[in-house]
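Observations on the three-dimensional arrangement
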There are 2 protein chains.
Amino acid sequence: MIKILIVDDHKMFVEGLEFILSKEEDIEIVHRCYEGKEVFNKELLEKIDIILLDINLPDMTGIEVSERILKMNQNVKILVLSMHDEESYITEVLKSGALGYVLKNTGRKELVTAIRTVASGRTYFSEAITNTIMNGLMNNSKKAKPIEKDVPKITRREKEVLDLILDENTNQEIAGKLFISLKTVEAHRSNLLSKLNARNTAGLVKKAMELNLV
Amino acid sequence: MIKILIVDDHKMFVEGLEFILSKEEDIEIVHRCYEGKEVFNKELLEKIDIILLDINLPDMTGIEVSERILKMNQNVKILVLSMHDEESYITEVLKSGALGYVLKNTGRKELVTAIRTVASGRTYFSEAITNTIMNGLMNNSKKAKPIEKDVPKITRREKEVLDLILDENTNQEIAGKLFISLKTVEAHRSNLLSKLNARNTAGLVKKAMELNLV
DNA sequence: GCAAGTATTAGGGTATGCCCTAATTTTCGC
DNA sequence: GCGAAAATTAGGGCATACCCTAATACTTGC
């Protein structure tokens, strides 16, 4: 039996939830809170498995509630219910330690799936939520792109040599691994130095790590 | 009709894809590439809607391919196929502009769904992928601070030498700047190598940057 | 304060890295 | 295809980094 605590200040919504969940054999609503501060009760927390947590509470945000609860009791699982699918909200919720985030316009069936998933310790997110996050990641990077320093073009062979240098191989060892002469390796190394504007190995490694290639 | 280009160096895998997709009425495989560089062909790109792109190509990474293609032709959609679900991979792929990322162990049905979704301009990610990203977001914030590895204790003088090494100074130059003999600098450098478990300058710089000190 | 440990200093010898030059092969634009 | 440009190959010569050992100064615990 999955024991549930609902935390939401909209009584009508809470009643709707109770009705929906009453049809599930394995789910039992143990308690309801209409304010954030009511939740911080050790005995209460020990009796329940999952908290269905609203983000917009009258006295504090659901994010603060989530953080504080997980400091008090690591066993309880938190499933956030929210009307908002803005990226900033979602990432904050994820950082707070909640295991799931579903939108309030989610259907009965999906809500039950989310509850059972979170109850088992796994994570659950509405499709719209994952889309928001994924799109956010994609856009962030597009904006971040144009800053990109002009990476000098390293040839295939030079890249191989560079990788082996970064792995602490000596030129001799690199020559052996790539089946070329010591002198050739030194030439590649030299070209890398000039392409990356480095004076020696130290600069080479530093530039390589700054630009990307590790 | 969704016109597809497959880019993957594993011929067996490509043939498997062809077989699977041949059963779909609305999907047509127009061309196959077994190397990244074959893809950069304007005429080819104009004929197709979606690229099914492998990440591990012999000559370059799928991420590079994705970036270059989207610079050439904004209309083409990219769906990445990969065996890896590591977070770093996925975020790189998202940044590259690809619209979807599915694992190679995905079933036929899901693959077809992914193709149709991406063809319509929307994004699609395997469930495992979204889980990885979500877990990554959740853990990032928790880990952020406490990671800090046990930094071997570097002495004041060694630190000075290390800083100058990182600034591409030779031992001779360091000796001049610190008013000590060349031989002393070499000794400090030697001790740094052993304290940081490095074999040479390359390892020294790498470890130094990984640990903190830049 | 004194002994034990560590930091800083340094030398001799060898391996390695770096610069200049240059031939051959591969790639690329037209 | 063909010619130019770039990549890959390599040698000689010198500077630099790395290894071993070891003396002197500087901390630190008791």
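See above for the structure.
All of the points below concern the structure found in this document.

Reading guide: rules and limits
- Residues numbered from 1 in each chain as written.
- Chains lettered and ligands numbered in written order.
- Predicted model: local features only at pLDDT ≥ 70, side-chain atom pairs only at ≥ 80, totals over all residues.
- Heavy atoms only, no water.
- Near = heavy atom within 4 Å.
- Polar contact = N/O pair within 3.5 Å; in protein donor to acceptor, adjacent residues only side chain to side chain.
- Helix = DSSP H or I, 4+ residues; strand = E, 2+ residues; numbered from the N terminus.
- Nonpolar A, V, L, I, M, F, W, Y, C, P; charged D, E, K, R; others polar.
- Contact = heavy atoms within 4.5 Å.
- Buried area = accessible area lost by both parts, 1.4 Å probe.
- Salt bridge = Lys/Arg side-chain N within 4 Å of Asp/Glu carboxyl O.

Our focus in this paragraph is the protein's contact with DNA strand C. Among the 18 residues in the neighbourhood of DNA strand C, the closest are listed as Glu186(A), Arg189(A), Thr155(B), Ser181(B) and Thr184(B). Sugar and phosphate atoms constitute 61% of the interface atoms of DNA strand C, taking the interface as everything within 4 Å of the protein. The separation between a phosphate oxygen of DNA strand C and a polar side-chain atom of Arg157(B) is 3.1 Å. A distance of 3.0 Å separates a phosphate oxygen of DNA strand C from a polar side-chain atom of His188(B). At five residues, the largest contribution of residues to the surface near DNA strand C is made by helix H9 (residues 182-195) of chain A. Residues that form the surface near DNA strand C fall into these classes: three nonpolar, nine polar and six charged.

Turning our attention to the interface of chain B and chain A. Residue-level contacts link 36 residues of chain B with 37 residues of chain A. Carbon and sulfur atoms supply 64% of the area that chain B and chain A bury against each other, a total of about 3100 Å² over both sides. If you look at where chain B meets chain A, you find four salt bridges. Two residues, Lys206(B) and Asp167(A), come together in a salt bridge whose shortest N-O distance is 3.7 Å. Summed over the shared surface of chain B and chain A, the number is eight residue pairs in polar contact (both at pLDDT 80 or more). Going through the elements one at a time, helix H4 (87-96), helix H6 (127-143), helix H7 (156-166) and helix H10 (201-211) of chain B are the ones with two or more residues in the side of chain B that touches chain A.

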